[in-house]
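One letter stands for each residue in the lines below.
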Amino acid sequence: MSELVQIKDLTIAYQMGQAAIYAVDQVTLDIKQGETIGIVGESGSGKSTLGMAIGKLLSQNAVVEAGQITIGSDQVQDCSGEELRRIRRDRLGFVFQNPMTALDPTMRIDKQVSLAFARKSTPDERLSLLRRSGLENAEQVAKSYPHELSGGMAQRVVIALSIARNPELIIADEPTASLDASIQDKILDLMIQLRDEAGASMVLLSHDLGMVAKRCDRVAVMYGGRIVEIGNSKSVFEDPKHPYTRALIKAAAGNEKPGERLEPIGGVPPVLRTSSTYCAFADRCGFAKDICFSKRPETHSEEGVMVTCHFEAKQLAGDEIVDEVRA
Amino acid sequence: MKILISNLQRLLFGDLLGGVGFLLLLTFCILGFFGPYLPIGDALTIGAGPRLGAPSMEFLLGTDDLGRDYLPRVVEGIGVTFLLSSIAVVITAVIGTLLGMLAGYLHGFTDSVIARFADILLAFPALLFGLLTSAVIGPGQLSAIVVISAATIPLFIRVIRSVTLSVAEREFVTAAVVAGASTWRVMIVHILPNILGAAIIQLTYALSVSMIIESALSFLGLGVQPPDASLGSLLRLGSVYLTISPWLVLAPGIVLALAIMAVNILGDSIRDALEPLRGRPLT
Amino acid sequence: MEANKVLEFRDVAVTYHKGPFWNRSSTNAVKKVNLSVAEGETLGLVGESGSGKSTLGRVALGLIKPSGGSFEFAGLPFDPVLRKEGAMSVVLQHPEWALNPRLKNWVSISEPLKIQTSLTRQQRYEATLKMLSQVGLDPDFADRYPGELSGGQRQRVAIARALITKPRFILFDEAVSALDVSVQSQILNLIKELQEQLRFASIFISHDLAATRYVSDRIAVMLEGDIVEVAEAQKFYEKPDHPYSQQLYATIARNA
């Protein structure tokens, strides 16, 4: 499988008045053709910025300070105008979190679907696209306005729009976060199924490691603008190596046994003012040593998984997390 | 409050346009208040100079049809227009904000009554209302204030009502109610400070509207009466001589345009300064 | 265990009416609910948007009157004077709006005291400091503004405010839903510890079964205005009975 997207040493900062906030800190990532990769992170991890950067969809005050993003042979950062539109239109598909704001509230669904097609479409083609997205009453949906649909139905429409032109890459940013729990699974399954049919790559951004690990080939865990662990999703989820990944799984409700105590990660996610010169997780890490506070960790390989830490997981196995709650 | 002040400071020294607007307005304010005391000539003396004299070294803006020095007349005009509009707007702001808050927070019958009241006022064209008022209480400054208030109160009521509706839904309001806060306390301690921003923006907008209304009324002869001068009445008196002595119209006209523009620019800048959420990073 | 019942819902129904009186449409937000919550107990209320759980929460706070049935607080029908006694408080979902941005934190935290008691400013300030340490925050948070705090910190401040009158009942409505995963568990642990110390009754409303079962003693599952299942939290670690509860359970257990 060849590389569809190559992200190299990407650093992105947001200009907020006088100061800058760094969201992505020298990230290198390759997305292969046909693979699904999940990017997991909390607030300030940089995952949304990274995802949106692929389509050059960042706000005005976001500055790409270094690095580049290449899709096939196109260098996204250098593209603009018609070229950029072409890339977004023909090669990329987006699914955002809130379907109600992703759809135009003033247009019927049928019209929005027709706009998504590459050339003039027939009503049948449009209806069949909606049906592919699991909307059985496609005629009814096509005649409706977005606000007349439920959250789940609207998101199905958004998904249909995203695959209309058979994109090479689908980027989904928390696609189920605003949907009810009972349909989250169905929507995710739908996305995977459509992706499989199209042979497209998919980037799934989420804060939910479990949900992502179940559906993606690879998982990347982001913290403080860097990818701290990336590898085969089974490995990352069942045998996490990076202290943050391990802590995240222990802290998340849902994985514990009855009566077992959740161990929160004390402290708060960092706000980076510069590209960090030491480990961004150090002040919350139960295993941190002096070197963690003074030197920027490099990425090394451990059992097929790439980990960004000064230490290897087996070195940390002996230590215990000291004081867990550092508020 | 502190947040507000620091925002304003940032606005005025950071944003060029806003700063210009503010300075212009400040100039007008000073001229308005201290005009009569400045050594720029006497507005009242008839025959101080030739009739309809062109601008010269002695009379910087020339003289009007009664030979009065025009510069101090224009300065007086600025003061009157500005003062009248400001007084009217402040009265309106206080009443309108109060009514808007009551409507937005209490809902139900109170809301219906206040909202309909605002709609009725809004339906009246200001100038027709001006004719009516002048007919009833006679033309003059009071009449102008009444008309301006009637025209601008609905603006406040509507905007404050809608902002109140959204603030009232916020959770700290619910928390206060659950803790036993009285309606009065909720409105003064929780809602009012959070709608001040919107109120201030409306204030600047209402000010520019009110200056236009005042000038229009005075231009029609319904507002300020001679020998008092407002920019509108100066426009009126000068319009007769437009082809002979254009400066009689140009001077107050340009000043009026500048004043309104300054208020609008300032209003825009204030609004921008109070909306610091643009360009937040994604997470 | 017959502990004192703090809240009792008997056949409670809530119906909303929309539109002018000649064209009324009604929605049954809550159909017929029977529940009770004892002192020191946390009842989890799980369901999705539109299930009626938030409406039920508002009934518990006396903010909504039931259209049918009755709601009792400590054995008596709800009376607004309970508020003045500091009997109840609430922690809501959005940390951004939980606190009045124009007031310093200590003012927000001690507001219930200001409304309900005649303590002096100094006394209220001191009560606030005690509360801050109980929720694990530095005393210097007292003089700061909400805007300077993170989401998790703001929720702690909101919890401090909820506790300051030593209420008999606290409602948590999606209190951790807007927080990051690593911060959620901090708050969930805090709620558990505080309840053990202070023995208040509480209802924990959430759409997230995982968080709810961790913090609750019993859980009631709501679907379209009805309670479809009530069981010990333990049940939701194994397998609940009702098909809808099972659906919710399945989304957590997906990774097992």
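Residues numbered from 1 in each chain as written. Chains lettered and ligands numbered in written order. Predicted model: local features only at pLDDT ≥ 70, side-chain atom pairs only at ≥ 80, totals over all residues. Heavy atoms only, no water.

An account of the sheet that holds strand β4 (residues 62-71) of chain A is requested, with residue identities and associated values reported.
Residue and element names in this part refer to chain A. With antiparallel pairing, the four strands of this open sheet are ordered in space as β2-β1-β4-β5. Of all the strands in the sheet, the pair left with one neighbour each is β2 (19-32) and β5 (74-75). Direction of pairing for strand β1 (residues 3-16) relative to β2: antiparallel, over a ladder of 10 bridges. The residue of β2 that forms the bridge with Tyr14 is Ile21. Across the sheet, helix α1 (residues 47-54) is in contact with β1, β2 and β4; its angle to β1 comes to roughly 120°. (Pairing = 2+ DSSP bridges. Helix = DSSP H or I, 4+ residues; strand = E, 2+ residues; numbered from the N terminus. Contact = heavy atoms within 4.5 Å. Axes fitted to C-alpha atoms, helices over the stretch in contact; angles between N-to-C directions.)

A description of the pattern of salt bridges should follow, citing residues and the corresponding values.
Once their charged atoms are close, side chains differing in charge can pair, the charge on each being opposite to the other. Under the defined criterion, the tally for this structure stands at 36 salt bridges over all chains. With its nearest N and O atoms 2.9 Å apart, the salt bridge here joins Arg158 of chain B to Asp119 of chain B. Highlighted residues: Arg158 of chain B in helix α6 (residues 141-168) and Asp119 of chain B in helix α4 (residues 108-123), separated in sequence by 39 residues. Judged by its relative accessible area of 46%, Arg158 of chain B falls in the partly exposed class. Given a relative accessible area of 28%, Asp119 of chain B falls into the partly exposed group. Put simply, Arg218 of chain C and Glu41 of chain C hold a salt bridge, and the shortest N to O gap is 2.6 Å. Taken together, the residues span a long stretch of sequence, with Arg218 of chain C in strand β9 (residues 218-223) and Glu41 of chain C in the loop between β2 (25-38) and β3 (42-46) at a distance of 177 residues. Look at Glu41 of chain C and you get buried, because its relative accessible area is 13%. Several salt bridges share partner residues, and in doing so they unite Glu82, Arg85, Arg89, Asp90 and Arg165 of chain A into one network. (Salt bridge = Lys/Arg side-chain N within 4 Å of Asp/Glu carboxyl O. Buried < 20%, exposed > 50% of the residue type's maximum accessible area, 1.4 Å probe, protein only.)

I'd like to hear about helix α1 (residues 53-60) of chain C, residue by residue, with values.
Residue and element names in this part refer to chain C. Of all eight residues making up α1, six are buried, and the element is well covered by its neighbours. For α1, the full list of buried residues reads Lys53, Thr55, Leu56, Gly57, Val59 and Ala60. Immediately beyond the C-terminal end of α1, within one or two residues, lies Gly62, with a positive phi of roughly 75°.

Please provide a residue-by-residue account of the packing of α6 of chain B against helix α8 (residues 183-219) of chain B, values included.
Residue and element names in this part refer to chain B. Contact geometry for α6 and α8: axes closest at 9 Å, N-to-C directions at 155°. In terms of their interaxial angle, α6 and α8 are classed as roughly antiparallel. In this structure, α6 crosses over α8, and the sense of that crossing is right-handed. Grouping the amino acids of the contact of α6 with α8 by side-chain chemistry returns 21 nonpolar, six polar and one charged. (Parallel < 35°, antiparallel > 145°, perpendicular 65-115°, else oblique. Left-handed = near helix turned anticlockwise from the far one by under 90°. Nonpolar A, V, L, I, M, F, W, Y, C, P; charged D, E, K, R; others polar.)

So what's going on with empty space enclosed by the protein? Residues and values would help.
All names here are of chain A. Evaluation of the coordinates by the stated rule reveals eight cavities of 30 Å³ or more. Roughly 80 Å³ of internal volume is contained in the largest cavity. Lining the largest cavity are 14 residues, with Pro243, Cys279, Cys285, Cys292 and Cys309 positioned closest to its centre. A class-by-class count of the residues in the lining of the largest cavity yields 12 nonpolar, two polar and no charged. (1 Å grid on protein atoms, 1.4 Å probe; cavity = no way out; pocket = protein on both sides within 12 Å on 5 of 7 lines; lining within 4 Å. Points joined across faces, edges and corners; volume = space filled by probe spheres on them.)

Any chance you could break down the packing of helix α3 (residues 70-106) of chain B against α6 of chain B for me, citing the residues and the numbers?
Residue and element names in this part refer to chain B. Following both chains from N to C, one finds α3 and α6 inclined at 35°, their axes separated by 6 Å at the closest point. Helix-helix and strand crossings are classified by hand; for α3 and α6 the assignment is right-handed. Among the residues forming the contact of α3 with α6, the class breakdown is 19 nonpolar, nine polar and one charged.

Residues and numbers for the side chain of Arg296 of chain A, please.
All names here are of chain A. Structurally, Arg296 is set in the loop between α12 (290-294) and β11 (299-302). Since its relative accessible area comes to 14%, Arg296 is described here as buried. Here Asp25 takes part through its side chain, which lies 3.0 Å from a polar atom of the side chain of Arg296. Of note is the side chain of Arg296, whose polar atom sits 2.7 Å from the backbone oxygen of Ser276. (Polar contact = N/O pair within 3.5 Å; in protein donor to acceptor, adjacent residues only side chain to side chain.)

Account for the packing of aromatic side chains, with residues named and values stated.
Under the definition given, this model contains nine aromatic pairs over all chains. Aromatic pair Tyr223 of chain A and Phe281 of chain A: ring centres 5.0 Å apart, planes at 80°, arrangement edge-to-face. Note that Tyr223 of chain A is positioned in strand β9 (residues 218-223) and Phe281 of chain A in the loop between α11 (243-251) and α12, a separation of 58 residues in sequence. Geometrically, the ring pair formed by Phe172 of chain C and Phe204 of chain C is tilted, given 6.2 Å between the ring centres and 40° between the ring planes. Highlighted residues: Phe172 of chain C in strand β7 (residues 169-173) and Phe204 of chain C in strand β8 (residues 201-206), separated in sequence by 32 residues. Since its relative accessible area comes to 2%, Phe172 of chain C is described here as buried. Three or more aromatic residues joined by ring pairs form one cluster here, namely Tyr223, Tyr244 and Phe281 of chain A. In this structure, Arg170 of chain B is placed above the aromatic ring of Trp97 of chain C, and the distance from its NZ or CZ to the ring centre is 3.7 Å. (Phe/Tyr/Trp six-rings, centres within 6.5 Å; stacked < 30°, edge-to-face > 60°. Lys NZ or Arg CZ within 6 Å of the ring centre and 35° of its normal.)

I'd like to hear about the confidence of the model for chain B, residue by residue, with values.
Looking at chain B as a whole, its pLDDT mean stands at 83, while 91% of the residues score no less than 70. Averaged over each element, pLDDT in chain B is lowest for helix α1 (residues 2-14) of chain B (62) and highest for helix α7 (residues 171-178) of chain B (92). (pLDDT = per-residue confidence, 0-100.)

Give a description of the interface of chain C and chain A that names residues and reports values.
Opposite the 26 residues of chain C that make contact, chain A presents 34 residues. Taking both partners together, chain C and chain A bury about 2400 Å²; carbon and sulfur atoms supply 51% of that area. Summed over the shared surface of chain C and chain A, the result is one salt bridge. A salt bridge links Glu193 of chain C to Arg261 of chain A, with the nearest nitrogen and oxygen atoms 3.6 Å apart. Inspection of the chain C/chain A interface yields six residue pairs in polar contact (both at pLDDT 80 or more). Elements supplying a minimum of two residues to the side of chain C that touches chain A: α7 (181-198), α8 (209-215) and α10 (243-253) of chain C. The leading source of residues in the side of chain C that touches chain A is α7 of chain C, at eight residues. Of the residues in the side of chain C that touches chain A, the class split is nine nonpolar, 12 polar and five charged. (Buried area = accessible area lost by both parts, 1.4 Å probe.)

So, the sheet that holds strand β6 (residues 88-91) of chain C: which residues are in play, and what are the values?
Residues and elements named next belong to chain C. Spatial strand order, β6-β7-β8-β3-β9-β10: six strands in an open sheet with mixed pairing. Unpaired on one side and paired on the other, β6 and β10 (226-232) mark the two borders of the sheet. Averaged over neighbouring strand pairs, the angle between their axes works out to 15° when direction is ignored. Pairing of β3 with β8, which is carried by five bridges, proceeds in the parallel orientation. Of the residues in β8, the one forming a bridge with Thr42 is Ser202. Against the sheet, α1 contacts β3, β6, β7, β8 and β9, and its axis sits at roughly 155° relative to β8.

Talk me through the environment of Ala251 of chain B; I want residue IDs and the actual numbers.
Here Ala251 of chain B is to be found in helix α10 (residues 247-273). Among residues more than four places away in sequence, those in contact with Ala251 of chain B are Leu61, Tyr70 and Val74 of chain B.

I'd like to hear about the confidence of the model for chain C, residue by residue, with values.
When the pLDDT values of chain C are averaged, the result is 88; 97% of them are 70 or greater. Both scores are given for the predicted complex: the pTM is 0.81, the ipTM 0.87.

Residues and numbers for unusual backbone geometry, please.
Of note in the backbone geometry, Gln26 of chain A takes a positive phi value of approximately 55° without being a glycine. One can find Gln26 of chain A in strand β2. Looking at Gln26 of chain A, the relative accessible area reads 39%, which means it is partly exposed. Despite not being glycine, Lys166 of chain C has its phi angle at roughly 50°, a positive value. In this fold, Lys166 of chain C is placed in the loop between α6 (151-163) and β7. On the basis of relative accessible area, Lys166 of chain C is assigned to the exposed category, the value being 68%.

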